[in-house]
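# Breakdown of the fold
Below, each chain spelled out in residue letters.
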Amino acid sequence: MLEIDNLVELQRSYFYSGQTLKYDFRIKQLKELKHMLQKYEKSVYRALKKDLNKSSYEALTTEIGFPHMEIDFTIKHLKEWMKPEKVDTPITHKGSKSLIQKEPYGVTLVIAPWNYPLQLSLAPTIGAIAAGNTVIVKPSEYTSETSAILAKMIKETFSPSFITVVEGDADVSNKLLEQKIDYIFFTGSTPVGKIIMEKASKNLTPVTLELGGKSPVIVDKDANIHLAAKRIVWGKFTNAGQTCVAPDYVLVHEKVKSKLISSMIKQIKVLYGNKPLENNDYVKIVNEKHFNRLKEFLSNGKIISGGRINPEKLLIEPTIFDEVNWEDSIMQDEIFGPLLPILKFSDLHHIVEKLKRMEKPLALYFFGEKEKKQQYVFDNLSFGGGCINDTLYHLANPHLPFGGVGSSGIGAYHGKFSFDTFSHRKSILKQTTKFDIPFRYPGSKLSHSIV
Ligand code: NAD
């Protein structure tokens, strides 16, 4: 493999050749990426099965399907996105025209986490290609099979001067971060996000930080409890809770708490069977470190469903906790596993006031029928994005920006927002030479009257 500094220089020279600026080139590369995914689909399934015990169905819906959708959407709209944007010009600039031209940054770096190792490496890459950049992808070392297949298929499909995968851990990330990169797109934890931003600041490299946090679900007393239970259980236990926008905990109105809990317990059985640990398709915890971290939480509150573990296979049952307090360890940091604490409330206003003072989460979900209350929650709380009466679904709409706010991240992507993220908006004023309005010059009549 090329030394990292040589690799950056190779990509920079390729970027300066101007190849990536052309519309036809970008479309061709996006199509190549799509073919690559089709060709390697089975190998990707095998890798995800080994890394996370993901079933082919879950791998298709949450890993491979997403980049396909993003590529199709981008190919359909790229011409329009690339067009310079004409904007108004004030009367003081008479005779001139103004426009915004979107230009690529140059050499970009995508650092990805392990929880959706394929999707979260490729979705930003699609935006970077669309905007005309070169890309270096650094997948997570925790999902080594997926990282290896990603490196293999990218190497076979693209020249390293345009896209390449650099495998490795934090040391490799740091070597990459020592380089002068033109844009850094990081997905991962909030503490590492801070390190990335600090390193990027040395070269004033712009960043997108897609981070995590504790995403709450609020279930009000007038919610459709059956549907709320179904959608919360699905959103929480997909990928064994290892989803950045998974509901972290549930705040439920005391009047509907027991109904919601019994409905969720039923729903867990529908989705994972009576013995989830024996379900061959149930996703495992990524490694022992995270398994042990999650195991510690089992002493919190009162387990009312699940709680069994299989240390050899790194499996933890979908688990629901009652009688949890805000002070408990499970309520301090993002859980990122199949453990769901339930807390009750009696006054929505108090809950909103409490959440306002906490870190801004990546997602927030509200279940309830009353539009006034939906509006009240969404007007008063700040969070990356979310849903009314659903979980996770907002992230699969390419018309919605996906990203955090405050400690859950900086910037956003998906659909056109990915293209915009990887583009600099260059302002251009095109002046006429047919005449020259004198008032800006010292000594003109108007400038005398202004003074
Ligand atoms: P992580 O921050 O530990 O690692 C992410 C990437 O950074 C990996 O490639 C890793 O090798 C690299 N890295 C780790 N330490 C580093 C360091 N000190 N310096 C430079 N690079 C370093 O995150 P993770 O455990 O892989 O992923 C889980 C976290 O990611 C959760 O907090 C989750 O919420 C978040 N996440 C966010 C999104 C989103 O879209 N906002 C999506 C998925 C995951």
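The residue numbering used here restarts from 1 in each chain and proceeds along that chain's sequence as written. Totals for whole chains, interfaces and linings use all residues, but because this is a predicted model, local features are given only for residues with pLDDT of at least 70 and pairs of side-chain atoms are given and counted only at 80 or more.

The next subject is the overall build of the chain. A count of helical and extended segments in the chain gives 15 helices and 18 strands. Here the C-alpha radius of gyration of the chain, 25 Å, is about what a compact globule of 451 residues would show, namely 22 Å. Seen through its C-alpha atoms, the chain measures out along the principal axes to roughly 80 × 60 × 35 Å. Here a residue counts as buried when 20 or more other C-beta atoms fall within 10 Å of its C-beta, as exposed when 12 or fewer do, and as partly exposed in between; the C-beta atoms come from the backbone. Here the chain holds 451 residues, and 42% of them are scored as buried. For the chain, the proportion of contacts with a sequence separation of at least 24, taken over those separated by at least 6, is 68%. A run of H or I in DSSP becomes a helix once it reaches four residues, and a run of E becomes a strand once it reaches two; helices and strands are each numbered from the N terminus. The quantity called the radius of gyration is restricted to C-alpha atoms. Its globule counterpart is 2.2 Å times the number of residues to the power 0.38. We call two residues in contact when the distance between their C-beta atoms, placed using the backbone, is within 7 Å.

Let us now look at the sheet that holds strand β3 (residues 107-111). In space, the 6 strands of this open sheet follow the order β5-β4-β3-β6-β7-β17, with mixed pairing throughout. Each having just a single partner strand, β5 (163-165) and β17 (409-410) make up the two edges of the open sheet. When DSSP finds at least two bridges between two strands, those strands are taken to pair. Across 3 bridges, the pairing between strand β4 (residues 134-138) and β5 is parallel. Counted as the bridge partner of Ile136 is Thr164 from β5. Here an angle of 0 to 180 degrees is reported between the N-to-C directions of two axes, which are lines fitted to C-alpha atoms, with helices fitted over the stretch in contact. Relative to β4, helix α7 (residues 170-178) is tilted by about 155°, and along the sheet it contacts β3 and β4.

Another point: the packing of helix α2 (residues 23-39) against helix α5 (residues 119-130). Close contact between α2 and α5 brings their axes to 9 Å; oriented N to C, the two are set at 160°. The angle between α2 and α5 places the two elements in the roughly antiparallel class. The two elements α2 and α5 meet at a crossing, and its hand is right-handed. On α5, the residues touching Arg26, Gln29, Leu30 and Leu33 of α2 are Ile126, Ile129 and Ala130. Should an angle fall under 35 degrees it is taken as roughly parallel, and over 145 as roughly antiparallel, whereas 65 to 115 is taken as roughly perpendicular and any remaining angle as oblique. Note on convention: near helix rotated counterclockwise from far helix by under a right angle means a left-handed crossing. Clockwise means right-handed.

Turning to the sheet that holds strand β8 (residues 216-219), a few remarks are in order. Reading across from one edge, β10-β13-β14-β9-β8-β15-β16 is the order of the 7 strands in this open sheet, with mixed pairing throughout. Only two strands of the sheet have a single neighbouring strand rather than two, namely β10 (302-305) and β16 (385-388). When strand polarity is set aside, the average angle formed by the axes of neighbouring strands in this sheet is 25°.

We call a set of buried Ala, Val, Leu, Ile, Met, Phe, Trp, Tyr and Cys residues a nonpolar core when their C-beta atoms link them within 7 Å. Core analysis: the largest hydrophobic core is formed by 106 residues, its most contacted members being Val44, Val110, Val219, Ala228, Val250 and Phe367. Among the elements that take part in this core, α5 stands out by supplying 7 residues, more than any other. Excluding residues that lie within four positions of it along the chain, Val250 makes contacts with Val217, Val219, Ile232, Leu340 and Ile342.

Bringing the environment of Gly127 into the picture now. Looking at the element boundaries, Gly127 is found in helix α5. Note on Gly127: 27 C-beta atoms within 10 Å, which makes it buried. Sequence spacing of Gly127 and Val250 is 123 residues, and the spatial spacing of their C-alpha atoms is 34 Å.

UniProt positions are given in the numbering used here, feature names are shortened, and annotations may be inferred rather than shown by experiment. UniProt's entry tags Glu210 with the feature "active site" (unreviewed entry), counted in the numbering of this structure. By the element assignment, Glu210 lies in strand β7 (residues 207-210). In contact with Glu210, other than residues within four places in its own chain, are Phe186, Thr187, Gly403, Gly404 and Gly409.

We call a residue near a molecule or strand when the C-beta position, derived from backbone atoms, sits within 6 Å of it. Around the ligand, the structure places 27 residues, and the nearest of them are Pro113, Ser173, Gly188, Gly212 and Cys244. Secondary structure elements with two or more residues in the shell around the ligand: α7 and α8 (190-201). For the shell around the ligand, the leading source of residues is α7, giving 3 residues. Within the shell around the ligand, the residues separate by chemical class into 12 nonpolar, 10 polar and 5 charged. Residues are grouped as follows: nonpolar covers Ala, Val, Leu, Ile, Met, Phe, Trp, Tyr, Cys and Pro; charged covers Asp, Glu, Lys and Arg; every other residue, Gly included, is treated as polar.

In this section: the confidence of the model for the chain. pLDDT measures how confident the predictor is about each residue, on a scale from 0 to 100. Here the chain averages 96 in pLDDT, and 98% of its residues register 70 or above. Our summary of model confidence lists the complex with pTM equal to 0.96 and ipTM equal to 0.97.

Here we take up the environment of Lys54. Its place among the elements puts Lys54 in the loop between α3 (41-52) and α4 (56-82). For Lys54, a count of 27 C-beta atoms within 10 Å corresponds to the buried category. The spacing of Lys54 and Asn239 is 185 residues in sequence and 7.4 Å in space, taken between C-alpha atoms. Excluding its chain neighbours within four sequence positions, the residues that come into contact with Lys54 are Leu48, Lys49, Ala59 and Val283.

So, on to the packing of α2 against α4. Relative orientation of the contacting elements α2 and α4 amounts to 170°, with a least axis distance of 10 Å. With respect to α4, the axis of α2 lies roughly antiparallel. Along its contact with α2, which presents Tyr23, Arg26, Ile27, Leu30, Leu33, Lys34 and Leu37, the element α4 presents Ile64, Pro67, His68, Ile71, Thr74, Ile75, Leu78, Lys79 and Met82. Per-class residue counts for the contact of α2 with α4 are 11 nonpolar, 2 polar and 3 charged.

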